[in-house]
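Residue-level structural notes
As a plain string of letters, each chain reads:
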Amino acid sequence: MKGDLHDYLRGARETLVWKLDGLGEYDIRRPLTSTGTNLLGLVTHNAGTHLRYFGDVFGRTPDVSLPWASDDAEPNADLWAKPEETREDILTLYRRTWELADATIDGLPLDALAWVPWWGRSLTLHQVLVHVTSETQRHAGHADIIRELIDGAAGLLHGHDNLRIDDSTAWRRFRDQIEDAARLANGPAL
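Residues numbered from 1 in each chain as written. Predicted model: local features only at pLDDT ≥ 70, side-chain atom pairs only at ≥ 80, totals over all residues. Heavy atoms only, no water.

**So, helix α3 (residues 39-54)**
What counts, and what does not: Secondary structure elements follow DSSP: runs of H or I no shorter than four residues count as helices, runs of E no shorter than two count as strands, and numbering proceeds from the N terminus. By this rule the span expected of a helix is its residue count minus one, scaled by 1.5 Å. With a 1.4 Å probe rolled over the protein chains alone, any residue whose accessible area is under 20% of its type maximum counts as buried; one over 50% counts as exposed, and the rest are partly exposed. Here a polar contact is taken to be a pair of N or O atoms separated by no more than 3.5 Å, where protein atoms must pair a possible hydrogen donor with a possible acceptor and residues adjacent in sequence count only if both atoms sit in side chains.
In this model, α3 (16 residues) spans 23 Å end to end at C-alpha, consistent with the 22 Å of a helix rising 1.5 Å per residue. By the criterion of burial, α3 is predominantly enclosed, with 15 of the 16 residues buried. The opening residue of α3, the one whose side-chain oxygen lies 3.5 Å from the backbone nitrogen of Leu40, is Asn38.

Laid out in structure tokens, this is it:
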């Protein structure tokens, strides 16, 4: 069971990172929602999540620190990258948080307890693993939508988009069909 959960977490991490492939600096950083959601910010946020949940709550001191996760960082500093923070540096830091998480997952039994102060209770490694996997998948989904808004690329895995239509004209027709249904459901225009 632990191996299966860990595999899902690894897959979600890779999907999130893959969404940056082939894009320039502006596109991986630009906010595409009213709350500022951006691809590189999803990665920085997820790095902090790995560090907190697989390091801090289990009393494991990480050998990595994230500048956007320091006590004196500005609010929401983990949701974007400053111009001087390079993609390569951020991805390197993110992968180092994976190493910490993997060591915790490999080194502890699923019933190992951790104190999560922001929840005010203890959780097992199993619960933490499920939570962080679902959070990482959630953010990979955000990244999928952001990436689609940037250049139309969509899908679950590199080289396998898991979408049923493989033709841009067919996608346009499908989208138009949905638009027509939405307009009809809205009722007659006044």
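**Focus on unusual backbone geometry**
Here the phi dihedral of Asn76 falls at roughly 65 degrees; this positive angle occurs in a residue that is not glycine. As for its placement among the helices and strands, Asn76 is situated in the loop between α3 and α4 (87-107).

**Notes on the side chain of Thr104**
The following threshold applies: Throughout, a contact is declared for two residues whenever any of their heavy atoms are within 4.5 Å.
You can see Thr104 is positioned in helix α4. Of note is the side chain of Thr104, whose polar atom sits 2.7 Å from the backbone oxygen of Phe54. Look past the residues within four positions of Thr104 in its chain and what remains in contact with it is Phe54, Phe58, Arg60 and Leu125.

**Remarks on the side chain of Thr97**
Note on placement: Thr97 falls in helix α4. In this view, Thr97 contacts Ala47, His50, Leu51, Val64 and Leu66; residues no more than four positions away in its chain are not counted.

**Some remarks on the pairing of strand β2 (residues 121-124)**
Our working rule: Here, a strand pair is defined by DSSP locating no fewer than two bridges between the strands.
Sheet analysis places strand β1 (residues 113-116) next to β2, joined by 4 bridges and oriented antiparallel. Bridge pairing in β2 places Ala114 opposite Leu123. With antiparallel pairing between neighbouring strands as the criterion, β1 and β2 make up a hairpin whose turn holds 4 residues, including Gly120 at a positive phi of roughly 70 degrees.

**Notes on the packing of aromatic side chains**
Filter applied, for reference: Stacked, tilted and edge-to-face are the three classes applied to pairs of Phe, Tyr and Trp rings, where Trp contributes its six-membered ring and a pair requires centres within 6.5 Å; stacked means planes under 30 degrees apart, edge-to-face means over 60, and tilted covers the rest.
All told, the structure shown has 3 aromatic pairs when counted by the stated rule. With centroids separated by 5.3 Å and ring planes inclined at 90 degrees, the aromatic side chains of Tyr53 and Trp118 adopt a geometry described as edge-to-face. Linking Tyr53 in helix α3 with Trp118 in the loop between β1 and β2, this pair joins segments that are 65 residues apart in sequence. Take Tyr53: its relative accessible area is 6%, and that puts it in the buried class. When the ring of Tyr94 is compared with that of Trp98, the centres are 5.1 Å apart and the planes differ by 75 degrees; the resulting orientation is edge-to-face.

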